[in-house]
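Fold and contact review
Residues per chain are reported as follows:
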Amino acid sequence: MDASKKTYLVTGGTSGIGEATATELARAGQRVVLGARSAEHAERALSRIRSLVPGAGIETVVGDLAEMNQVRTVIEQVFGVTDRLDGLILNAAVSRARHELTREGLEVNFATNYLSGFLMTMLLMPLLENAGQGRVITLSSSFHAHVKTLDVSALASGRGIKPSQRYETTKLLAVLFATELARRFQGTRLTANVADPGFVHTNLGRSTTGAFGLVLRLTRPMQVTPAKASETVVHLATSPEVATTSGGYFAGRASTTPSPLSQDAELARALWDYSTKLLVGMKVLAPGEAW
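A brief report on the enclosed structure follows.

Parameters and conventions
Residues numbered from 1 in each chain as written. Predicted model: local features only at pLDDT ≥ 70, side-chain atom pairs only at ≥ 80, totals over all residues. Heavy atoms only, no water. Pairing = 2+ DSSP bridges. Helix = DSSP H or I, 4+ residues; strand = E, 2+ residues; numbered from the N terminus. Axes fitted to C-alpha atoms, helices over the stretch in contact; angles between N-to-C directions. Contact = heavy atoms within 4.5 Å. Core = buried A, V, L, I, M, F, W, Y, C linked by side-chain atoms within 4.5 Å. Buried < 20%, exposed > 50% of the residue type's maximum accessible area, 1.4 Å probe, protein only.

If you trace the eight strands from one edge of the open sheet to the other, you get 3-2-1-4-5-6-7-8, paired in mixed fashion. In the strand order of this sheet, the two ends are held by strand 3 (58-62) and strand 8 (254-256), each with one partner. Neighbour-to-neighbour, the strand axes of the sheet open up by a mean angle of 25°, direction not taken into account. Where strand 4 (residues 87-90) lies against strand 5 (residues 135-139), four bridges are found, and the strand directions are parallel. Within the sheet, the bridge partner assigned to L88 lies in strand 5 and is V136. Docked against the sheet, helix 3 (residues 68-81) engages strand 1 (7-10), strand 2 (31-36) and strand 3, running at close to 155° with respect to strand 3. In the packing of helix 4 (residues 108-130) onto the sheet, the strands contacted are strand 1, strand 4 and strand 5, and the crossing angle to strand 4 comes to about 170°.

Following this line, the structure appears as structure tokens:
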């Protein structure tokens, strides 16, 4: 890879918004590190992207982000292919209404959609700092506003969270995380912002059932394409207009206001502390690695 180009890590980069974002970054001549669940998914996505952008500068890193031990493996791979990250794009997500635990005992939506990104951010901080002005972009959704209360202590087990709100809760966590991360970035050149790509036609809800699954199916004709949705993400990752903006919530290229609960500073700090203690207890994060 050409060291003069900016480097972006895109998690969940083998379909939907993630693949579209990686494609547009590559089209702009940037370096892309593409996160994939499996080598097969990575190869297929790489082939599709290079058919659209011949010569695209892309490396792939592989691991299941539902498992925190594999997240660490992915991070080791990232350190192996770059010494800087100009942007960390936390896009990976699943939507499972049924209560399901990972092999590590974590609720699968919580683990994949939120906790993996928290751990990656902590461990990739040196690469963001090496870039001089590293940007962290978390993906959320307007659905986060459906969640009116949050019991942080119930997140790992998922017990007590309504099936219809398992995914929505993780989108709330994404905003709370970015809010607290932006606070901790104050006084540095690092930034953290939230991208709300809108209602997007992707494979995310393919295994979603119940009321939320019905909504996804009925609204297919109104959903935008991943390519259109990726414009918000690419804007936050690359535009000089937002180079010093931090703590924002963007729908399209416009800064907007997320739900009141997502802006609760005390709740955001409680979530940060809970996440840190959980990962330290799992022995996937050392106390000194917590930022």
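Attention shifts here to the nonpolar core. By size, the foremost hydrophobic cluster in this structure holds 53 residues, and its most contacted members are L9, M68, V78, F110, L124, L150 and L155. Only helix 3, strand 4, helix 4, helix 5 (166-185) and helix 8 (265-281) provide two or more residues apiece to this core. Looking at which element gives the most residues to this core, the answer is helix 4, with 13 residues. Residues in contact with L155, not counting those within four places in the same chain, are E107, F110, L150, I161, T169, L173, L271 and Y274. Core analysis: the second largest hydrophobic core is formed by 25 residues, L25, I49, V53 and I89 among them.

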